[in-house]
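Residue-level listing of the chains:
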Amino acid sequence: MAQDTGPAMGMSVGATALCAVTADRAITRRPVLTLYRDRPSRIGTPSENPDALSDLDEHGLVVTDFVDRVGEAEPVAAADGSTHRAEQLLADALHALAYTVTEGDPLPPAVAVTHPAHWSRRAVDALRTALGRVSEWSQQPVSLTSDVVAVLTALRANPGLPDQGVIAVCDFGGSGTSITLVDAARDYEPIGVTRRHTAFSGDVIDQALLDHVVADLSSNGSDDGPPTVGSLTRLRSQCRDAKERLSTETVAELAGFHGGAWLTRAELDEAIRQPLAGCLTVVENTLADNDIARDRLAAIVSAGGGANLPAVTTALAGHFGVPVITSPRPQLTAAIGAALGVAGTVTPAPKVAVPTAETPSDAPVPTPTPPSPPVETVQPLLATDEPAATAAAVEPSRPRPTPPRPRPSVEPEAAAGAGGISWYRRPVPVIIVAAVLALLMGTIAVFVLRRAADGGSESDIPGPVATTTVIAPRTELPPAPVPVLPPVLPNLEGPELPENPGVPGTPAVPPTPGLTEEPTSP
């Protein structure tokens, strides 16, 4: 997310898609909630969760169509006859989505959720109350904000927005388009209320493509037989998938037909031409109703899944003659902005590293930095904020942790001593060792001379020695003077011996050759 901030999670609510974004992953799921008696709920369709709960015999209760009913007095009726509050279903769905994006790991301390800008105050308050009933979010409340505020937060960070003039924020969602005007000179304060236009949406485009395919198959005399309810449902899903692929491709094939069926981008542009023209008219009327001239319009912000369609961006720029600002994943813009808005608001607990052989105890502990947000973690969710079965998140490979190395038999710190200086580089230990060696050599010389004096007579001593050396019997020689050696002994060889911790300045006894210490298991 942001630099030098704590971990955060952003989630966006749409009528046909729920999105979640963290620092290293992003996912999108359909608002289909499966409730179980003895296990957590699951969010998304079975095609979006191919590996989840596949080996369970228990069939859960599937509930849909609850997002647009948040705040209503009438509860949602499930297939088994049970009733549920729509806002509580949405809170449970967001809770399941949060654990899906973290893959079961604990949730970040900072979590933000965006709601559609056209929602009433009653719906927003109902969702806030329902989120507060979730156990993880009762102590650390979830931040709830408008998706327009989150979209502007994300685009102000990257790629940037004008700081003067009026900006029209167009959110092309699955159930409709929301149009909000903001004043850039007044810190992007909203102008008027958000206008909702349902004649141009992802559902409308899907139905237009379905009508085009059915008419084309009928005119070509297809022998696939008359369409049934089940076949029309599957064909509509294929049209939605084809629409998303046509955002980046020029031709998309529809599977399951004997003669083959294809959709081209030109056919898609023709299918959306009329509803898109009506949407442009609504934007003009919104400007006129707020007494804003066309020359005051500085830019248009395009968000939502429908912003992936190239025809939408081209039509907006050509009709109004202003820049159209969007992001590479417009269906995730609101969730990214929500995470940016709360990143760093909760300071994570510092991690204390245990000193090892590779990390001295007095060395500074490195602080891990959060990964950079713009990680390509999802496949494009193209034309609407409805996710396709093939638009699941591409999970990045996680590096395996490196096992700790066994501790060596002799610690480098013990060999170096306090201050990190080896014992043989210190002046006091060097002088003491030199004095001991000199005293030992003098004692050996006295012992040899005394043995020679006691064991033989003067006649046994060779002539040159007898005439030049006089040995007084049983006379102790004075101790040899202690030489003062330089601080460093360059000719000292052999292994470095650590100091004996019990007696300062005394080298410890080196380990016995051939004996090794078994490494301690981590």
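For the structure, see preceding data.
Owing to the predicted nature of the structure, the values given are computational and were not obtained by experimental measurement.

### Considerations on unusual backbone geometry
Okay, step 1: Residue Pro 159 is bonded to the preceding Asn 158 through a cis peptide linkage, with omega at 10°.
Okay, step 2: Within the secondary structure, Pro 159 is located in the loop between helix 4 (147-157) and strand 11 (166-172).
Okay, step 3: Although it is not a glycine, Asp 65 sits at a positive phi angle of roughly 55°.
Okay, step 4: Here Asp 65 lies in the loop between strand 6 (61-63) and strand 7 (76-77).
Okay, step 5: By relative accessible area, which is 64% here, Asp 65 ends up exposed.
Okay, step 6: In this model, Asp 187 sits at a positive phi of 55°, which is unusual for a non-glycine residue.

### Some words on the sheet that holds strand 16 (residues 297-303)
Okay, step 1: Spatially, the five strands line up as an open sheet ordered 13-12-11-16-17, and their pairing is mixed. Here the strands that pair on one side only, and so sit at the sheet edges, are strand 13 (189-197) and strand 17 (324-325).

### Quick word on the pattern of salt bridges
Okay, step 1: A full pass over the atoms with the stated rule returns 10 salt bridges.
Okay, step 2: Between Lys 243 and Asp 206 there is a salt bridge; the shortest N-O distance is 2.5 Å. Of this pair, Lys 243 sits in helix 6 (residues 229-245) while Asp 206 sits in helix 5 (residues 202-219); the two residues are 37 residues apart in sequence, bridging distant segments of the chain. Taken individually, Lys 243 and Asp 206 each receive the classification buried, so the pair is uniform in this respect.
Okay, step 3: Salt-bridge contacts for Arg 273 lead to Glu 270; the nearest nitrogen and oxygen are separated by 3.4 Å. One end of the pair, Arg 273, and the other, Glu 270, are both in helix 7 (residues 265-289), three residues apart, so they sit about a helical turn from each other.
Okay, step 4: Several salt bridges share partner residues, and in doing so they unite Arg 121, Asp 125 and Arg 128 into one network.

### Some remarks on the environment of Thr 264
Okay, step 1: Its location among the elements puts Thr 264 in strand 15 (residues 261-264).
Okay, step 2: Once the C-alpha coordinates of Thr 264 and Leu 246 are considered, the two residues, 18 residues apart in sequence, prove to be 7.2 Å apart.

### Remarks on the sheet that holds strand 1 (residues 8-13)
Okay, step 1: Read across the sheet, five strands follow the order 3-2-1-9-10 without closing on themselves; strand pairing throughout is mixed. The outermost strands of the open sheet, each flanked by one partner alone, are strand 3 (26-29) and strand 10 (143-146). Put simply, the sheet's adjacent strands are angled 20° from each other on average, direction ignored.
Okay, step 2: For strand 1 and strand 9 (residues 110-115), the ladder comprises five bridges, and the chain directions are parallel. Opposite Ala 8, over in strand 9, you have Ala 110 as the bridge partner.
Okay, step 3: Running over the sheet, helix 1 (residues 86-101) touches strand 1, strand 2 (18-21), strand 3 and strand 9 and is turned about 135° from strand 1.
Okay, step 4: Together, strand 9 and strand 10 form the strand contacts of helix 2 (residues 121-132), whose direction differs from that of strand 10 by roughly 160°.

### Notes on the packing of helix 7 against helix 8 (residues 310-320)
Okay, step 1: In the contact formed by helix 7 and helix 8, the axes pass within 9 Å of each other and the chain directions differ by 40°. Classified by the interaxial angle, the pair formed by helix 7 and helix 8 is oblique. Crossing handedness for the pair helix 7 and helix 8: right-handed. Two secondary-structure elements touch here, helix 7 through Arg 265, Asp 269, Ile 272, Leu 276, Leu 280, Val 283, Glu 284 and Leu 287 and helix 8 through Pro 310, Ala 311, Val 312, Ala 315, Leu 316, His 319 and Phe 320.
Okay, step 2: Across the contact of helix 7 with helix 8, the residue classes break down as 11 nonpolar, one polar and three charged.

### Here we look at the packing of helix 1 against helix 2
Okay, step 1: The N-to-C vectors of helix 1 and helix 2 enclose an angle of 55°; their axes lie 8 Å apart at closest approach. Taken together, the axis directions place helix 1 and helix 2 in an arrangement best described as oblique. When you trace helix 1 past helix 2, the crossing you get is right-handed. Between helix 1 and helix 2, the residues in contact are Glu 87, Gln 88, Leu 90, Ala 91 and Leu 94 and Ala 126, Leu 127, Ala 130 and Leu 131, respectively.
Okay, step 2: Looking at the contact of helix 1 with helix 2 residue by residue, the classes come out as seven nonpolar, one polar and one charged.

### Structural notes on helix 2
Okay, step 1: Counted at 1.5 Å a residue, the expected span for helix 2 with its 12 residues is 16 Å, and the 17 Å between its end C-alpha atoms agrees.
Okay, step 2: Among the residues of helix 2, those classed as buried are Ala 123, Val 124, Ala 126, Leu 127, Ala 130 and Leu 131. Along the axis of helix 2, the buried residues cluster in a sector spanning 160°; they form a single face. Away from its buried face by more than 90 degrees, helix 2 exposes Arg 121 and Arg 122.
Okay, step 3: For helix 2, the secondary structure elements touched by its buried residues are helix 1, strand 9, helix 3 (136-139) and strand 10.

The rules behind the values
- The residue count restarts for each chain, going from 1 along the sequence in the order it is written.
- The predicted nature of this model means local features are confined to residues of pLDDT at least 70 and side-chain atom pairs, given and counted, to a pLDDT of 80 or more, with totals for whole chains, interfaces and linings taken over all residues.
- Hydrogens and water molecules were not included; the side-chain quantities draw on all heavy atoms of the structure.
- By the criteria applied, helices consist of DSSP H or I runs no shorter than four residues and strands consist of E runs no shorter than two, each listed in order from the N terminus.
- The buried label goes to any residue with under 20% of its type's maximum accessible area, the exposed label to any with over 50%, and the partly exposed label to all in between, with areas taken from a 1.4 Å probe on protein chains only.
- When DSSP finds two or more bridges between two strands, those strands count as paired.
- Salt bridges are counted wherever a side-chain nitrogen of Lys or Arg sits within 4 Å of a carboxyl oxygen of Asp or Glu.
- The axes are straight lines fitted to the C-alpha atoms, using for helices just the contacting stretch, and the angles between their N-to-C directions are given from 0 to 180°.
- Residue contacts follow a heavy-atom distance rule, with two residues in contact if any of their heavy atoms lie within 4.5 Å.
- Orientation labels follow simple angle bins: below 35 degrees gives roughly parallel, above 145 gives roughly antiparallel, 65 to 115 gives roughly perpendicular, and whatever is left gives oblique.
- Take the far helix as your reference; a near helix turned counterclockwise from it by less than a right angle gives a left-handed crossing, and one turned clockwise gives a right-handed crossing.
- In the scheme used here, Gly and all other residues not listed as nonpolar or charged are polar, with Ala, Val, Leu, Ile, Met, Phe, Trp, Tyr, Cys and Pro taken as nonpolar and Asp, Glu, Lys and Arg as charged.
- Given the number of residues in a helix, its expected span is that number minus one, multiplied by 1.5 Å.
- Directions are taken from the helix axis to each C-beta atom, and the arc is the one they span.

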